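Each chain, letter by letter, is given below.
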Amino acid sequence: LILTLIGLLLLAGGLAMAVIAPLEMACFPLFSEGGRFHFEGFSFGSLVFAIIAWQVIAYDFIALVCIPLGYGHVRRRSWTRTLTLTALWSWLIVGAPLSVAIWFMAISFKDPSQTMALFILPLLGLLIYPVLPAILIRFYNSEGVKHTFEQQDPKSNWIHAMPIPILVLSFLFVFYLIVLHVPFFFNGIFPLFGTWANEMQGMLVADGAILCLAALTWGTLRRKAWAWWSDVVYFGLLTTSVIVTLVQSSLSDILALTRLAPLEMQIFQNVPLQGWHLAMFIGMPLVATLGLILFSHPHFREFEDA
C-alpha cells in the first residue's frame, strides 16, 4: 500500500510538472516589451529570463525522473527500488544548494507572506533536505521493500548488476551536464583557476567541459578504470577552479562580466553576498561528488578483477 501511494504521488507530481513546463513559457511575453511585467533589459542574458528558462528545464527534468519511478512503484518493477535509491542519494549530494535556490525563487517571485518566508518555507526545506531523503533511503533498504519488489518482479536486468555508487555518479554526471549549460545564459562566464573566462572564450571552455563530462559519463557507466582516473582529475580540477575563483572574486566582479538588466544590477548592489558564499554554495556538491568518486573506486570493473 505504501509503495502504491508513493507511486501515485510520483506519477501525479511528474505529470503535473510535464503539464506546467510548457505553460511556464507564457511568462516570457509577460516580461517582454509591452508585457505586464516588462522592464528595461529583459532579454536573453538577464537573470529573470534565465530563471524562467531554467524553471522549464527543471520541471521537465523532474517529470522525466518521477513518471518512470511512479510507474515502477505502481507496477512493482524491481528496477524501481534501485533507481529510487539512486535518485535519493543524488539528492543528498546536490540537494542543499538546490533547496536554497528554490527558497530564493519562492520568496523572490511568488510573494509569500512573512510567516511563510521565515518559518514555513525553511521547515519545508529541512524536510525535503535532508530529513525525508534519509528516511526514504532507510525505507527502501528495508527487507520488506526488497522482498516486495523481488516477489512481484523476480527478473534480473543490467540495473541490478550495477552498483549503486556507479548509478549515483552517472545520475550526477547527467545533472552536471545540464547545469554546465548555465554559463551560456550569462555571457559565458566560467571560473578558470582564479580568473574568469567570458563571452566566446567562456562558452568554448564550458562546451569543452560538457563534451569531456559526456565521455566520462559513458565510461563511468561502463565502469572502465580510465573513467575512474579521469573522473578524479576532471572533478578535482573543476572543484579547485570553481572554489579558488569564487573565493577571490567579489559579487561586483562577477556581475561586471554578465549582461544582466540595469534593474537587476541595481538590486544586486544591495545584496550582502560575497564570493566565498558562492564558493560554499557551489563547491559543496562538487566536493561531495569528488568524495563519492574516490569511494566508488572498487566498483569499477578493472579494479574488481584485480
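Colleague: Before we move on, could you go through the overall build of the chain and cite the residues and values that matter?
Modeller: In terms of regular secondary structure, the chain is built from 14 helices and two strands. Taking 19 Å as the expected radius of gyration for a compact globule of 306 residues, we find that the chain reaches 21 Å, a close match to that expectation. Taken along the three principal axes of its C-alpha coordinates, the chain extends 60 × 45 × 30 Å. Classification of the 306 residues of the chain by burial places 42% in the buried group. Taking all contacts inside the chain whose residues are at least 6 apart in sequence as the whole, residues at least 24 apart take part in 76%. As presented, the chain carries roughly 16,500 Å² of accessible surface, and 71% of it is formed by carbon and sulfur atoms. Each charge class in the chain can be summarised by its mean position, and for the 14 positive and 16 negative side chains these summaries are 15 Å apart.

Colleague: Outline unusual backbone geometry, listing residues and values.
Modeller: Put simply, Tyr 129 and Pro 130 share a cis peptide bond, and its omega is 10 degrees. Considering the arrangement of structural elements, one finds Pro 130 in helix α5 (residues 114–140). Positive phi outside glycine occurs at Arg 223, with the angle close to 60 degrees.

Colleague: How would you summarise helix α9 (residues 199–221) if you had to cite specific residues and measurements?
Modeller: Over its 23 residues, α9 extends 33 Å from the first C-alpha to the last, a length consistent with the 33 Å expected when each residue adds 1.5 Å. The set of residues buried in α9 consists of Gly 202, Ala 206, Ala 209, Ile 210, Leu 213, Leu 216, Thr 217, Gly 219 and Thr 220. In the core, the buried residues of α9 are packed alongside α8 (164–179), β1 (190–192), β2 (195–197) and α10 (225–247). Looking at the residues trailing α9, positive phi occurs at Arg 223, about 60 degrees.

Colleague: Let's hear about the pattern of salt bridges: which residues, and what values?
Modeller: Following the criterion strictly, the structure yields two salt bridges and no others. Residue Glu 143 is joined to Lys 146 by a salt bridge in which the shortest nitrogen-to-oxygen separation is 3.7 Å. Of this pair, Glu 143 and Lys 146 both sit in helix α6 (residues 143–152), three residues apart, which is roughly one turn of the helix. Classification of Lys 146 as partly exposed rests on a relative accessible area of 25%. Glu 199 is paired through a salt bridge with Arg 259; the nearest N and O atoms lie 4.0 Å apart. With Glu 199 in helix α9 and Arg 259 in the loop between α11 (251–256) and α12 (262–268), this residue pair connects regions lying 60 residues apart in the sequence.

Colleague: Describe the packing of aromatic side chains, naming the residues involved and giving the relevant values.
Modeller: With the rule as written, the count across this model stands at 17 aromatic pairs. Measuring from centroid to centroid gives 5.9 Å for Phe 39 and Phe 42, while their planes differ by 70 degrees, and the two rings are edge-to-face. A single burial state applies to Phe 39 and to Phe 42, both of which are buried. Ring geometry for Trp 228 versus Trp 229: centroids 4.8 Å apart, planes at 80 degrees, classification edge-to-face. Judged by its relative accessible area of 7%, Trp 228 falls in the buried class.

Parameters and conventions
- Residues numbered from 1 in each chain as written.
- Predicted model: local features only at pLDDT ≥ 70, side-chain atom pairs only at ≥ 80, totals over all residues.
- Heavy atoms only, no water.
- Helix = DSSP H or I, 4+ residues; strand = E, 2+ residues; numbered from the N terminus.
- Rg over C-alpha atoms; globule rule 2.2 N^0.38 Å.
- Buried < 20%, exposed > 50% of the residue type's maximum accessible area, 1.4 Å probe, protein only.
- Contact = heavy atoms within 4.5 Å.
- Areas by Shrake-Rupley, 256 points an atom, 1.4 Å probe, with all protein chains shown as cover.
- Lys, Arg positive; Asp, Glu negative; His and termini not counted.
- Charge placed at Lys NZ, Arg CZ, Asp CG, Glu CD.
- Expected span 1.5 Å × (residues − 1).
- Salt bridge = Lys/Arg side-chain N within 4 Å of Asp/Glu carboxyl O.
- Phe/Tyr/Trp six-rings, centres within 6.5 Å; stacked < 30°, edge-to-face > 60°.

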